[in-house]
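Structural overview
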Amino acid sequence: MTTEIAKVKILGKEIIHVGYDVSSHLINTILNNCKSSTYVMIYDSNVEKVPLLDDLKSNFHKQLNPESQRLLTYVVKPGEANKTRETKADIEDYLLSKGCTRDTVIIAVGGGVIGDMIGFVASTFMRGVRVVQVPTSLLAMVDSSIGGKTAVDTPLGKNFVGSFWQPQFVLVDIKWLETLPKREFINGIGEVIKTAAIWNADEFSRLESNADCFLKVVNNQKKMANGGFYTNIKLILDHIFKLVLESIKVKAEVVSSDERELGLRNLLNFGHSIGHAYEAILTPQALHGECVSIGMIKEAELSRYLNILSPTQVARLTKILAAYGLPISPDEKWFKELTLHKKTPLDTLLKKMSIDKKNDGSKKKVVLLETIGKCYGTSAHYVSDEDLRVVLTDEILVFPFSNIPTKPVTITPPGSKSISNRALVLACLGKGLCRIKNLLHSDDTKHMLEAVSSLKGANITWENNGETVVVDGKGGDFISAEEPIYLGNAGTASRFLTSVAALVSASASKDYVILTGNARMQERPIGPLVDALSSNGVEIEYMKKKGSLPLKINTSKSIFKGGRIELAATVSSQYVSSILMCAPYAENPVTLSLVGGKPISQLYIDMTIKMMERFGVTVEKSTTEAYTYHIPKGHYINPSEYVIESDASSATYPLAFAAMTGSTVTVPNIGSESLQGDARFAVDVLKPMGCTVTQTATSTTVTGPKIGELKPLPYVDMEPMTDAFLTACVVAAVASNNSGDGNSATTTIEGIANQRVKECNRILAMINELKKFGVKASELPDGIKVEAVASITDLQVPQSVCTYDDHRVAMSFSLLAGMVQSSPVKPVRILERRTTGKTWPGWWDVLHSQLGAQLDGAEPITFSELPNTDKHPSVVLIGMRAAGKTTVSNWCANALDYKLMDLDVEFEKRYCPKDVTIKEFVATHGWEDFRAKEAALFEDVIANYGDKGYVFSTGGGIVESAESRKYLKKFAFEENGLVLHLHRDIEETIKFLNKDPTRPAYSEDIGQVWQRREKWYEECCNYVFYANHCDTQTEFNELRRNFDFFVKRITRQVKVEIPTRRSAFVCLTFADLSNHLTELEEIVYGCDAVELRVDHLKDYSPDFVKKQITLLRMCTDSLPIIFTIRTKKQGGKFPDEDYKAINDLYTVALKSAVEYIDLELTLPIDLQYHVLNNKGTTTKVIGSHHDFAANFPWTHSEWENRYNQAVSMDVDIVKFVGTACHFQDNLQLEDFRLKHTTKPLILINMTDRGKISRVLNTILTPVTSKLLPSSAAPGQLTLAEINQMYHNLGGDLISKKFFVIGQPIGHSRSPILHNTGYKILGLPYKFEKFETDDVEKVKQKLLSDESVGGLAVTIPLKLDIMKYMDELSDAAKTIGAVNTVIPLGHGKFKGDNTDWLGIFNSLVNNGVPIKLPNDTCGLIVGAGGTSRAAVYALKKLGCSKIYMVNRTSSKLHDLKKDFPEDFHIEVVDSDSQIGEIKEPISVAVSCVPADKALDESLVSKLKKLLAKTDDSKVGFKSTLLEAAYKPSYTPIMKLAKEEYDWNVISGCTMLVYQGVAQFEQWTGFKPPFKAIFDEVTKK
Ligand SMILES: NC(=O)c1ccc[n+]([C@@H]2O[C@H](COP(=O)([O-])OP(=O)(O)OC[C@H]3O[C@@H](n4cnc5c(N)ncnc54)[C@H](O)[C@@H]3O)[C@@H](O)[C@H]2O)c1
Ligand SMILES: [Zn+2]
């Protein structure tokens, strides 16, 4: 199929050609008009893959004269990231190398990136050569290729360097669009709609009517074998051709009149001023067209706010953008997920807007729209920040009304919904032309119009830019539609159309009509109406659920007979209206009798009857029978014009404004004859309150009394106008003039009970929000009582007004907000501005531009990211009974320094009489009551303490109640709270429960209970901790350490830091870690992370994997975990397409707060976004890609594309693994590494040939270990091998010497300690002794030697050395001694003291919690240098008091003076002093020589102090660390252990921990602790 070629003129020449499948025309045009010896076709590597390009190239070639002409081709890397000066230079070098000269013609084939960049190349190459644009993306076709703007990006901004360079031709072959990815396609539509919106109203309407078919076709895009896409645009060729052509025409016309963008061309920037600001933040995740779409809405809203654009036009724009698949707000869920929940703070947006190229200085300019198809003026306009803020945020600030109109104002609120719906049905049933004005555009009207059109019952057109709908009715002739009629969730439409369907006749091909809707619609009732019609001869069949849509109405057999119809009308008046309106078309006159009691909403029935009369049919009410109507046979005669009455509820707001401010407001189309109940508001409410009300049949005018003179309304029954009660309340709040009778000015409103079940409980909402203004209100069974403030000046400024997502609450309070007088002026903040959109999107605009209110926008308060020190997310622990919640919640509170609240205890406190337990409560009140109260309690504590740093321990059954689950989920997933599921193996739990006779058994089988609850625990928690079963105290200690670390991680107290220096991780390929627990510690030696290859595990079930995570953490001291599921395609073992399982396992990983998730870039996008959107701050994502098959050398575009993808997904680390076939491949890899620096990058080649890439990789190099059964990938090296090779190659790992200095050091274990570590990690270091007591020698020999990597300082140099230090660590300063010298380079040194770490780590690795419970005391024996380090260590552990004893306590008093007060050192002088100690003493360090006998008095004191142990109070076993390591079991250890049951740690432990702390400081590697310990302690 080919179309004709359309030609468009630009700047006087007809050089833009548009067609479909027009390659040969394209080639001929170039060859005939741009004669040259050299043609260079340039495109990107995506376009290179499109088959159309091959055709183009080969045909072009065939047409050349081989003697004198040549075609060169050049491929560039795709994407905005390559639109750079560097790429431009590469192209130029290429052209020069091929001997291109001034006669060269460059053909740019591609999207906007190619067009812009190649255009720029052409404009400067040889001072300018000819260029032909062949745009291949929609955006390029309609926008970038036209107009001659060319550019490249610079690091500081997009398109900052470029030129104007007009192409010879722009040759548009829309066949290219067939392969364009869907998102790019839709992206281009953004510009198309923009162009129509500013310039071409006809085209805009055409676009509106073709939206559905467009999206259908584009959504059907197929994925091709070569990785590309295919869209069958032939199905909508006409539409696409026109939309491209029309867009081009406008752009060409505008450019022709203003080539250099001095005026008119400005208009093309509609949507761009604000759009660019969003783009600047959301790029590269969001595309240009998407941001422009959002920008257009905002700029249109701004135009409406400034009273320039009508609400209908904004609605049209919003609708069309959404219909073409574009985002209309940055808050749309799918768009938010796509843009990774990036925030778009108001300030940033305004700042980004102020650097727009189009501004003058920093004043902001925006293109304003006057109507669809026409801009306001011929250029952009200055706008104020205030006005911008209003449209950019959802929180509005209302300033005191100060600009109250003095002249009468006329305001027309939007049309009434009920009247709109009825008018449409009547006009469609009627005969003749009817122009309907002020129609409310809603889902119902939209579906109704579409349905009537497809049933051919009326011809629908629009006039006056969509403001007027013209219905040309056929008098009730409808014909079966081909397709089912889809009604979405439009309730009124479905009811009205069901009766209409009864009037449809069969067509030649169809004898039935199907009415259907969305899932929700298929639940909504329609039974009574169907019953009534069925019994009247209409054949209706339920296609799914009885009583609901979809319905199949037989159109050949059905006869709407008429006569007597009985209908139950107590459920919905819409059934009645539906039959009433269609009744004149029945075979016989109808008598409709409403049965079952008083019909609901009589008012709406009356409305229908009155409107039928207006359309020429008079209904008679039976004089003999109640609720019975006679409808004659006939048909409607359409009035030529029908103006829909404004919504009377909406009208109450401007009228109340008049009342409250003493001004005059007229609503011109609601009067005494109105059909709506709320129309009585002015007369029945405002008038008695003291307003002057003039009402004609069709209009209402209200003038308020002077401010302060409104009178209260002692009693009003608002039953006929319930929706207006909210308005009445705010008027009543200021109706304080009770003519001096001394009573309070109270207004009582009744008849509004139904308002409790509207958008929110409106009565409560009003009471709550009025209270914030200082207005008292109280609830009545059927109403509300409002007490006016004594004087306007008593109104208070609330912190903010909640709207409960209820439009009426928002609009009412916008009035009261303006009445508050504050000085200095403080505006009232109303949340959720957009909620008024439900009935009156333009309310704020009216308030601002017609009623003179000063408004501003504000950043949501919750949005502010100020470090808020008093906000600490609380932790809720859930899980089965006996999972260990009590113990663990204690750990949790202790580790975080949070307060603990047991909700069961709290329950008893609040709901049980004294001494009554929960169990007894349940026995008397039943489970239901218990669960309900439990949920209420939970909601309450979260509301009060949810961000106040609490640990809540819950009863195991809390998840049994749906209400509680709702609150748990809300807390976890919406309020940044932490719901932690403490998961313990159920078999273990059962065993445990059976062992413990004191616990009452479950009445139900516990296994069953678990089965029922498991999924609930799962869905309610955002974190899970799997508590493995522990056999020994050591394991239990490890579990606790592991848990402490975990909760610090999830409360963001400890953040995941991606290493920046050389680092490695080891890949575990075990099937089950529990078989390898002893080796694990050794396997991870020197590594900064450990990779759990989940695909290698023998069991992929979530529980098994959770358990593996905990085991791994326990064995590796919580080393960061990389969680990897490698699929088969990517070289692993996991089934490729089992995305459900992958998804579930990622959920496990996220909830377990693993530090890294390896995410394959080839996984489906929704899976990737699941991880990216849920990773929070606890997990980093490694975007990985592997090429096992050696398909792609590093120069291939595959890698470039993958890199761009990874950047656009904003992963934290990129990991690419290629395959080296030749050594050369490593050089290309290094080149790639050098050029890609925006993200931390792991880049390696597999195979033996690729080993060097592993050596040269910097961060997180994957390594193997000799202890692993197999390496995870070919060519993998151990860490030691890598270090050795790196050193040998001359890498940044040079030989160094280290020394221990002091005297005597003959027995020093330091050399063996460090040298063992060096050997294991392959470090080129050597550790030696340097014996001296003269610090000057050290200075001369060692501190001047550059090859010295560090010194371990011992007695007697620890103080002497300090004078040569340029810097001291906090520890060295506080302890007052240096034991570690760290060279800083350039002859400078830092002094540190790691003795305290030796003490600290010995304790915490042997059962002492890393943060001691409050009121835990410590004990230190001795007064020497080690004691000082011990003081520092115990303080770091959190000791509340540190008791110190020594043989002579005078030395201790001196020591105490050297430490700050808050160390709370208590020198123990006498035994009696010990008697007074109340708190438990639970940690002790002995720092006295152990080879001499102990002093008697010291032993006596020690005994009393050691007796202060109290394990049950602190929750861990009291522990004593011995600093002396000779003998290995000292008298003090013996005393503590044997007489007072203390846990004791020997001195060599401390020695090793101290040494490895130095090791890590000096080498940057994690020390291989166990190997070192074994070596050092070996006899
Ligand atoms: N000069 C101007 O007046 C002007 C106006 C608007 C935008 N621009 C510039 O245009 C650029 C954006 O243009 P874009 O959206 O076309 O981006 P683009 O060139 O990057 O193309 C989008 C993607 O689609 C691919 N692609 C293009 N045509 C294809 C086809 N037929 N089949 C399959 N894949 C295809 C591309 O390789 C690319 O990956 C930006 O750099 C922007 O600054 C310039
Ligand atoms: Zn644009």
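The protein chain appears in an unreviewed UniProt entry as Pentafunctional AROM polypeptide from Saccharomycodes ludwigii. UniProt, in its Function (unreviewed entry) section for the protein chain, records the words "The AROM polypeptide catalyzes 5 consecutive enzymatic reactions in prechorismate polyaromatic amino acid biosynthesis."

With 13 residues, helix 27 (residues 807-819) ought to run about 18 Å at 1.5 Å a step, and its terminal C-alpha atoms sit 19 Å apart, in line with that. The buried fraction of helix 27 amounts to 13 of the 13 residues, a majority that puts the element mostly inside the structure. The residue sitting at the N-terminus of helix 27 and contributing the capping side-chain oxygen is D806; that oxygen lies 2.9 Å from the backbone nitrogen of R808.

The next subject is the packing of helix 21 (residues 573-582) against helix 22 (residues 602-614). One way to put it is that helix 21 packs onto helix 22 with a least axis distance of 9 Å and a crossing angle of 15 degrees. By the angle between their directions, the pair helix 21 and helix 22 is classed as roughly parallel. For the element pair helix 21 and helix 22, the recorded crossing hand is right-handed. Contacts between helix 21 and helix 22 pair S573, V576, S577, L580 and M581 from the former with Y604, I605, T608, I609 and M612 from the latter. Partitioned by chemical class, the residues of the contact of helix 21 with helix 22 number seven nonpolar, three polar and no charged.

Turning next to the site of ligand 1. Of all residues adjacent to ligand 1, which total 25 residues, the nearest are D44, E80, K83, T136 and S137. In the environment of ligand 1, an oxygen atom lies 2.7 Å from a nitrogen or oxygen atom belonging to the side chain of E80. At 3.2 Å, a side-chain N or O of N159 approaches an oxygen atom of ligand 1. Tallied by class, the residues present in the shell around ligand 1 amount to seven nonpolar, nine polar and nine charged.

If you walk through the whole model with that rule in mind, you get 43 aromatic pairs. Ring geometry for Y945 against Y950: centres 4.8 Å apart, planes inclined by 40 degrees, an arrangement best described as tilted. Given the relative accessible area of 27%, Y945 is considered partly exposed. By relative accessible area, Y950 is classed as buried at 13%.

Before going further, it helps to examine the environment of V1105. By the secondary structure assignment, V1105 is in helix 37 (residues 1102-1116). A C-alpha to C-alpha distance of 7.5 Å links V1105 and V1094, two positions eleven residues apart in sequence. Each residue touching V1105, except ones within four places of it in the same chain, is listed here: V1094, L1097, D1099, Y1100, F1123, L1145 and V1148.

Here is what the cut-offs are and how they apply
Note on numbering: residues in each chain are counted from 1, in written sequence order. Lettering of chains starts at A and numbering of ligands starts at 1, both following the order in which they are written. Under the rules for a predicted model, residues below a pLDDT of 70 receive no local features and side-chain atom pairs below 80 are neither given nor counted, while totals for whole chains, interfaces and linings still include all residues. The side-chain figures draw on all heavy atoms in the structure; neither hydrogens nor water molecules are used. UniProt positions are given in the numbering used here, feature names are shortened, and annotations may be inferred rather than shown by experiment. Numbering of helices and strands runs from the N terminus; a helix is a DSSP stretch of H or I covering at least four residues, while a strand is a stretch of E covering at least two. Any helix carries an expected span of 1.5 Å times its number of residues minus one. Residue exposure (1.4 Å probe, protein chains only): buried if accessible area is under 20% of the type maximum, exposed if over 50%, otherwise partly exposed. Polar contacts here mean pairs of N or O atoms no more than 3.5 Å apart (in protein, one a potential hydrogen donor and the other a potential acceptor; neighbouring residues in sequence count only if both atoms are side-chain atoms). The axes are straight lines fitted to the C-alpha atoms, using for helices just the contacting stretch, and the angles between their N-to-C directions are given from 0 to 180°. Our angle categories are set so that under 35 degrees counts as roughly parallel, over 145 as roughly antiparallel, 65 to 115 as roughly perpendicular, and the remainder as oblique. Handedness of a helix crossing follows the sense of rotation of the near helix relative to the far helix, less than a right angle counterclockwise being left-handed and clockwise being right-handed. Contact criterion: two residues are considered in contact whenever any of their non-hydrogen atoms come within 4.5 Å of each other. Think of it as three bins: nonpolar holds Ala, Val, Leu, Ile, Met, Phe, Trp, Tyr, Cys and Pro, charged holds Asp, Glu, Lys and Arg, and polar takes everything else, Gly as well. Put simply, a residue is near a molecule or strand once any heavy atom of it comes within 4 Å of that molecule or strand. Only centres within 6.5 Å qualify two rings of Phe, Tyr or Trp (six-membered ring in Trp) as a pair; their planes then separate them into stacked at under 30 degrees, edge-to-face at over 60, and tilted for everything else.

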